[in-house]
Each structure stands twice: as structure tokens, then as C-alpha cells.
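Report on the structure
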Amino acid sequence: MTENKNLITGATGDWEIVLGLEVHAQVRSAAKLFSGAATDYGGEPNTQVSFVDAAMPGMLPVINRKCVEQAIRTGLGLRAKINLFSVFDRKNYFYPDLPQGYQISQYQQPIVGEGALLIELEDGTEKSIGIERLHLEQDAGKSMHDQHPELSFVDLNRSGVALMEIVSKPDMRSVSEAQAYVKKLRAILRYLGTCDGNMEQGSLRADVNVSVRKPDADYGTRCEIKNVNSIRFIGQAIDYEARRQIAVLEDGGKVIQETRLFDPQKGETRAMRTKEEAHDYRYFPDPDLVPLTFTQAWVDEIAATLPELPDAKKARFIEAYGLTAYDANVLVAEAEIADFFEEVVTNGKTFRDAKAAANMVIGSVFAGLNRLGKPLAESPISATQIGQLLDLVSANIISGRIAKDVFDLMFEEGKYQGKDPMQIVEEKGLQQVTDMSVIEKAVDEVLAANPEKAAQAKEKPKLAGWFVGQVMQATAGKANPQAVNQLIREKLGLD
Ligand code: MN
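Here's a quick rundown of the structure. On a predicted model such as this, the values are computed, not experimentally measured, just so you know.

1. Remarks on the overall build of the protein chain
When helices and strands are tallied, the protein chain shows 15 helices and 18 strands. In terms of overall dimensions, the protein chain is more spread out than a globule: its C-alpha atoms have a radius of gyration of 30 Å, far above the 23 Å expected for 495 residues. Its C-alpha atoms give the protein chain principal-axis dimensions of about 95 × 55 × 55 Å. For the protein chain, restricting intrachain contacts to residue pairs at least 6 apart in sequence, the fraction spanning at least 24 positions comes to 67%. Element-wise, carbon and sulfur atoms account for 51% of the exposed surface of the protein chain, whose accessible area totals about 24,800 Å². For the protein chain, the distance from the average site of its 56 positive side-chain charges to the average site of its 71 negative ones is 2 Å.

Pasting the structure below:
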């Protein structure tokens, strides 16, 4: 039997976690799904509300073509079936932040059907996660309980904003698979430009369905954890909930199907309400809206405008630049990063050393930006400058180590920021020493100062490396390392 590290070991043996995600992604669109009101985040309460969003009597919803296009675009990006005929239904429930008394959603006939999404696992392999469906629906408003000691208020700015609910199949088996799924989905939505993926602002939030079972047994009863809004919280919520269910079952109890809330402060989930069945919502087709129909020609038109998506880009980076799957994965996570890398690596019609370029972007640029807490768009060093820096290394004007120093000078605030790297190298006298007489002098000095080590190195050739390090130090990293290595081996009689 192969060891499955995803299993959780309880008192009665191993348990498997089964996970399915329902992600609500806010559609990128200037106007709401059925009204012309604005969708900008952070507006003054109730300044972006039309009569439709406030559910004034007699108001009629009008479908926003842009939102439909965005849903189709997303469906195509998820390699899913696009339904040319779909229906809007009323999902009836009462909530103070839902003025209509129902949500316009799609139930039996959604705009997008089955698709698939590829995730990368920690061991470098890939796994396909099934997409069950994507449907369009309205967001609700927001109750505000902290404005007055006795009264609650409601902000309807979000009321009627278009959401895509993207439902996965129960194909995930661990925290890391669920997190990889959300990250990948977010990357695809951002590439497509159909959702900004901003989890802090609530543009992307996940309902996580968790159940546990003995390996190879039937699915257990699931609980749904509502509205988890960060990748880290998704992990904490799943881990807590799976262990809670295992404890219940091992105690001889039964898991009750219910909706739960995750408390980020305590790292726990707690019961919110027993789960409604679909019939509790009394779904029926919204009589104010005709079924949504469009042509395959329009779908094809949208398909023709799709950008290169992460999977295709990753394959191309591996193929064209010889990158490792790991590096390619990191670089394609965001379209901006991938573009930046390509700008660094491309030099007119030829390519620079892709591995060196990837190291520079992933290592130096990311690390530097993290330190500054800045996005790539505000990087103090441009892709062009990094390209110039790499050219100095490949022309043997500076070593890779000195390049790192020059990078730091250009990155940190100060007089070198924004300068041409060659100018910095000249000003600071950082050119690599290739004059053999200078290198030989340094080698001789180091050997003369360490006669015992030199004698040992003649017996143990590995010790030669120590001398290379000493000479590099003595020349402030400027000696050509190959030349130093060769000279030392010659002088120790190792070749
Ligand atoms: Mn929903």
C-alpha cells in the first residue's frame, strides 16, 4: 500500500477529507447585474443604489450584457460547456440586507456547465479538479450593526452586484489541494480580467464543503463553512472542521448537515444554521426576466479574445526558455510577473540566460518587493535594467556575485536608483579583474600566507575551493572565478 500523506489518523485509524468549493467571484463590470448603478468598492453607504437594487415596487431588472460576457469568458477559461440557453430563478429567503426578499440566481439551467481546472500539487505533479457549474446571481447588501447602540443600518451599495458562483466537484482531498484550487482559480480570473480576485475586499470568497470518510467508503455527511475570505483561513477552517467531524464520528455520533461559520480569531468553526434544502428556497423562474439566450457565434467571438492562460504560459516557459516546472509555476502565477520576466529574458530577437533571469526575478525582485511591501508595478528597478545587468554578467564584465550587489544598489533608495548598471559598475570600479598578472599576484599571496593548508590541499584536492574563496575575498569579489580556480589548481599541481 502506498502511503497517503493526506490522511488524518484518528483513534480508529485513517480518515480521508473530501472537499468541494463554491466560490463567489464578483464580476468585473462598471455596472450591476440588473441595473446601471456603479460597483466601485468603498463608496459612501447607499450612494450606488438604483430603484431596482432597493427593490422599489414596480421596478424591472434589465440584464447587463457585459456581465453575461464575463461569465462566458470565465466559462471558456475553465474549459467548460457554455449553455446558449439559461434561466434566471428567484431564490426566496428573508434577510434584512436583501430588499427584494429573494435573490435572482440560476438554479437548474446555469449559463456555464461542466469544466475542469488543473492544480499543481506539492510534489510537482498535477491534478484535475472538476467544475460542476458556474451561474450568475446577485449579491446582497450589507447590514451594519456597529453604527448605533439600538439600531441596525443597511448599506445597499453591494445589493445587485453581479457574482459568478463557481461550484467545484468534491474532488479535493487536502488543505493544500483546496488552497491550490483557489489560487489557481484566482489566477485564471485575473488573467481573464473577469474578477479582480481581491479576497480582502470580498471580491472572491469561498464556501467550503467539508466531509470525512474512511478511505474507499462512501461520502460522509458534509458541513458547509460560509464565506471564508483568505487562503490561510480556508486552510485553518478545513483542518479544524475535519478534526471536529472525526471526533464526533469516533465518539459514536453523527455529523449533522449544517452551515457553519469560521471564526478567524479562535481558528474554529461554529454552527450557524441547519442546512436548507433546495426546496426551502422555493426556486421558480423569475417572471420579470426572459430566459437568457445568445448565439454560438458570440461565444466564438469572445473565445477569440482570450489571453494566453497560466497552463499554456507555463508550458511555453518550460519549452521556450528551458525553465523548471517550479520556476515556471511561480512566474505564471500573475500575468504581470510573467510579462516582467519575459521582458527581462528577451533581448531583441534573442534570449538572455533564462535561469539567471528567473533567479533574478524570483529571488532578488520578489524578495526586495516583499521587504518594501510594494507590488511589482512599483518596482524601483525595471525589467530593462535587470536585462542590462544580466548582460554585464554574460559579457564577463562583472561576476554574478557583484551583479547581486549592483542590483541592491539600484533597488534601494539612494543615488544609484534608476541608473544604468554599467555606469554604477564604472563609478564604483566593480569591473571583473581579468588581468592574469593581477590575479596571479593575489593567488601567490594567499598561498604564501597559508603554507600548511597549501600542503594539505596537494593531498586533498577538495581544499582548493577554500583558496578560491580566499582569493575572491582578497579581490572584493572582482577576480574572474574561473581564472582563480584554474590558477590555484595549477599552482598546487592538481591538474
Ligand atoms: Mn450563491
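Here the narrative resumes.
2. Topic: the pairing of strand S10 (residues 162-168)
Most of S10 is tucked away, with seven of its seven residues classed as buried. Burial along S10 is two-sided: the residues Ala162, Met164, Ile166 and Ser168 and Leu163, Glu165 and Val167 are all buried. Examined bridge by bridge, strand S2 (residues 13-26) and S10 share five bridges and lie antiparallel to one another. Residue pairing across strands places valine 23 opposite isoleucine 166, the latter belonging to S10. In the sheet, strand S7 (residues 126-138) pairs with S10 via seven bridges, with the strands oriented antiparallel. Residue leucine 134 lies in a different strand from S10, and its bridge partner there is isoleucine 166.

3. Considerations on the coordination of the manganese ion
Protein-derived ligands of the manganese ion are His24 (NE2), Glu137 (OE) and Glu165 (OE), with the metal-ligand distances lying across 2.0 to 2.2 Å. Taken in chain order, the donor set of the manganese ion reads H-x112-E-x27-E. In this pair, glutamate 137 sits in strand S7 while glutamate 165 sits in strand S10, placing the two residues 28 residues apart along the sequence. As far as burial versus exposure is concerned, glutamate 137 and glutamate 165 are alike and both buried.

4. What to know about a nonpolar patch on the surface
A grouping of Phe51, Met56 and Met59 is seen on the molecular surface, where their side chains present a nonpolar patch of about 300 Å² in accessible area. Structurally, the position occupied by methionine 59 is in the loop between S2 and helix H1 (65-77).

5. Some points on the side chain of threonine 74
With respect to the element layout, threonine 74 can be found in helix H1. Under the relative-accessibility criterion, threonine 74 is labelled buried at 1%. Among residues more than four places away in sequence, those in contact with threonine 74 are Leu134, Met164, Ile166, Leu189, Leu192 and Thr194.

6. Here we look at the sheet that holds strand S15 (residues 284-285)
Across a sheet, strands are paired by hydrogen bonds formed along the backbone, either parallel or antiparallel in direction. Pairing within the open sheet is antiparallel, and its three strands lie in the order S5-S4-S15. Two strands close off the open sheet at either side, each with one partner strand: strand S5 (102-105) and S15.

7. Overview of the packing of aromatic side chains
The geometry of an aromatic ring pair comes down to the distance between the two centres and the angle between the two planes. The tally for this structure, following the rule as stated, stands at twelve aromatic pairs. Ring geometry for tyrosine 281 and tyrosine 283: centres 6.0 Å apart, planes at 65 degrees, overall edge-to-face. For tyrosine 283, a relative accessible area of 21% translates into the label partly exposed. Seen in terms of ring centroids, tyrosine 321 and phenylalanine 351 are 5.1 Å apart; in terms of plane orientation they differ by 80 degrees. Their pairing is edge-to-face. Highlighted residues: tyrosine 321 in helix H5 (residues 310-321) and phenylalanine 351 in strand S18 (residues 350-351), separated in sequence by 30 residues. Tyrosine 321 gets classed as buried once you look at its relative accessible area, which sits at 12%. When its relative accessible area of 48% is taken as the criterion, phenylalanine 351 is described as partly exposed. The structure contains a cluster of three or more aromatic residues connected by ring pairs, namely Tyr93, Tyr107, Tyr281 and Tyr283. Its guanidinium or amino end placed over the ring of tyrosine 281, lysine 91 lies 4.5 Å from that ring's centre, counting from NZ or CZ. Between the NZ or CZ atom of lysine 214 and the centre of the ring of tryptophan 15, over which it lies, the distance is 4.5 Å.

8. Observations regarding the environment of phenylalanine 467
Position of phenylalanine 467 relative to the elements: it lies in helix H14 (residues 464-474). The sequence separation of phenylalanine 467 and alanine 71 amounts to 396 residues, and the corresponding C-alpha distance is 63 Å. Apart from the residues within four sequence positions on either side, phenylalanine 467 is in contact with Val446, Leu447, Asn450, Lys453, Ala454, Ala457, Ile488 and Leu492.

Quick notes on the rules
Numbers given to residues run from 1 along each chain, matching the order in which its sequence is written. Residue-level local features of this predicted model are given only where pLDDT is at least 70; pairs of side-chain atoms are given and counted only at 80 or more, and the full residue set underlies all totals for whole chains, interfaces and linings. Hydrogens and water are ignored here; the side-chain numbers use all heavy atoms of the structure. In this text, helices come from DSSP runs of H or I with a minimum length of four residues, and strands from runs of E with a minimum of two, each type numbered from the N-terminal end. What the globule rule says is 2.2 Å times the number of residues to the power 0.38, and the radius of gyration is computed from C-alpha atoms. Pairs of residues are marked as contacts when any of their non-hydrogen atoms sit within 4.5 Å. Surface exposure here means Shrake-Rupley accessible area, sampled with a 1.4 Å probe, where a residue is shielded only by the protein chains that are shown. All tallies of charge rest on Lys and Arg as positive and Asp and Glu as negative; His and the ends of each chain are not included. Lys charges are placed at NZ, Arg charges at CZ, Asp charges at CG and Glu charges at CD. Note on exposure labels: buried denotes an accessible area under 20% of the residue type's maximum, exposed denotes more than 50%, and partly exposed covers the range between, all computed with a 1.4 Å probe on protein chains only. The pairing criterion for strands is at least two bridges between them, as found by DSSP. Note: metal donors comprise N, O and S atoms at 2.8 Å or less from the metal (3.2 Å for Na, K and Ca); water molecules are not included, so apparent gaps in a site are possible. Patch members must show over 30% relative accessible area and no salt bridge, and they are joined within 9 Å when carrying like charges or within 5 Å when they are nonpolar side chains of Val, Leu, Ile, Met, Phe, Trp or Tyr. Salt-bridge detection follows one rule: a side-chain nitrogen of Lys or Arg within 4 Å of a carboxyl oxygen of Asp or Glu. Stacked, edge-to-face and tilted are the three classes for Phe, Tyr and Trp ring pairs, Trp counted by its six-membered ring, which pair at centre distances within 6.5 Å; planes under 30 degrees apart are stacked, over 60 edge-to-face, the rest tilted. Charges are assigned to positions over rings by a cutoff of 6 Å between ring centre and Lys NZ or Arg CZ, combined with an angular limit of 35 degrees from the ring normal.

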